[in-house]
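For reference, the chains in residue letters:
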Amino acid sequence: MAGPRKGPGGAEEPPPLLVKIVMAGESCVGKTSIVRRYTEPDSPPAGTPATSYLATIGIDFKVKLVMFNDTRVKLQIWDTAGQERFHTLSTSYFRGAQGFVLVYDITNLKSFQSITMWMQDIYEKAGDEVDVILLGNKCDKESERVVPKQKGEKIAWEYGIPFFETSAKDNVNIEHAFSLLTKEILEKKSCVLYDLDVVTLNESKKRTCCAF
Ligand SMILES: Nc1nc2c(ncn2[C@@H]2O[C@H](COP(=O)(O)OP(=O)(O)OP(=O)(O)O)[C@@H](O)[C@H]2O)c(=O)[nH]1
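Counting of residues starts from 1 at the beginning of each chain's written sequence and follows it residue by residue. For a predicted model such as this one, the threshold for reporting local features is a pLDDT of at least 70, and the threshold for listing and counting side-chain atom pairs is 80 or more; totals across whole chains, interfaces and linings nevertheless cover every residue.

Would you explain the nonpolar core in this entry?
Generally speaking, nonpolar side chains in soluble globular proteins are found buried as a group. To count as a nonpolar core, a set of buried Ala, Val, Leu, Ile, Met, Phe, Trp, Tyr and Cys residues must be joined through C-beta atoms within 7 Å. Three classes are used. A residue is buried when 20 or more other C-beta atoms lie within 10 Å of its own, exposed when 12 or fewer do, and partly exposed in between, with C-beta atoms placed from the backbone. Residues Val22, Val101 and Leu102 are the most contacted members of the largest nonpolar core, which totals 42 residues. Think of it this way: any DSSP run of H or I at least four residues long counts as a helix, any run of E at least two long counts as a strand, and we number them from the N terminus. Mapped onto this core, the elements with two or more residues apiece are β1 (17-24), α1 (31-39), β3 (71-80), β4 (99-105), α4 (115-126), β5 (131-137) and α6 (174-187). A residue pair is marked as a contact if its C-beta atoms, positioned from the backbone, fall within 7 Å. Residue contacts for Val101: discarding those within four places in its chain leaves Ile21, Met23, Ile133, Leu135, Ala177 and Leu181.

Rendered as structure tokens:
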């Protein structure tokens, strides 16, 4: 059985910190494409013939290991389905999340108008101290834009949350957005958990404990 991971000097390294991030927003805004672009950078880009739209059914999640100030961090990114019929299921995954990536599509006014509703759901289920970042996706489709950038900036300012326009297709601001959200979560005084999966290999149940 594999033992605990050793650092460069042979000393045992602590397990990575575990951060739960949830993707939220209307159907077809690009949540899955953003997660894929971030966790599988070599996959074909969104918005090309190689990537026809397949709606997320229920829920999916991806994991990405990143370094933050010399600490290993395991990002568990939950990709929810934006379709109305999955709303109750999707929002049930909001509890316990430390961060949210809330996405609208700059070419779809309805997806922007629903931001207030999504923010209410997030605060109701995850508490109003949770970190949220707002993304206006598909900024490569400038000629089809119906939501001016200033509108995204304004609503983000009103909620006091960071905002970026992104393109999963052209890989604009994706890495940047996740890095900022991770930084905001880890810099908070709130409890962040170690992922003890890696040190309890013979236990079936996952255990976590407080890092601070
Ligand atoms: N041009 C362009 N197309 C994109 C971009 N991001 C996603 N798309 C396309 O938009 C469509 C929907 O993308 P998804 O990532 O499946 O959207 P979703 O929000 O996960 O949708 P649900 O699973 O229904 O909630 C797909 O055809 C993608 O290829 C982008 O940045 N630019």
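Just to check I follow, could you spell out the environment of Ile122 for this structure?
Locating Ile122 in the fold gives a position in helix α4. Measuring from C-alpha to C-alpha, the distance between Ile122 and Ala97 comes to 9.4 Å, with 25 residues separating the pair along the chain.

Looking at this structure, how should I read the pairing of β4?
Every other side chain in a regular strand lies on the same face of the sheet, so the side chains alternate between the two faces. Counting buried positions over the seven residues of β4 gives seven, a clear majority of the element. As paired elements, β1 and β4 share four bridges and run parallel to each other. Across the sheet, Val22 pairs through a bridge with Phe100, a residue of β4. One requirement defines pairing of two strands: DSSP has to find at least two bridges between them. Note: β4 against β5, seven bridges, orientation parallel. Looking at β5, one finds that Leu102 is bridged to Leu134.

It is not clear to me how the packing of α1 against α6 should be interpreted in this structure. Could you clarify?
Two packed helices can be described by the angle between their axes and the distance between those axes. For the pair α1 and α6, interaxial distance at closest approach is 9 Å and the crossing angle is 85°. Here α6 runs roughly perpendicular to α1, going by the angle between their axes. In this structure, α1 contributes Ile34, Arg37 and Tyr38 to the contact, and α6 contributes Ile174, Glu175 and Phe178. In this classification, the charged set is Asp, Glu, Lys and Arg, the nonpolar set is Ala, Val, Leu, Ile, Met, Phe, Trp, Tyr, Cys and Pro, and all remaining amino acids, among them Gly, are polar. The class makeup of the residues in the contact of α1 with α6 is four nonpolar, no polar and two charged. Angular values range over 0 to 180 degrees, each being the angle between N-to-C directions of two axes fitted as lines to C-alpha atoms, with helices fitted over their stretch in contact. Working definition: roughly parallel below 35 degrees, roughly antiparallel above 145 degrees, roughly perpendicular at 65 to 115 degrees, and oblique for all remaining angles.

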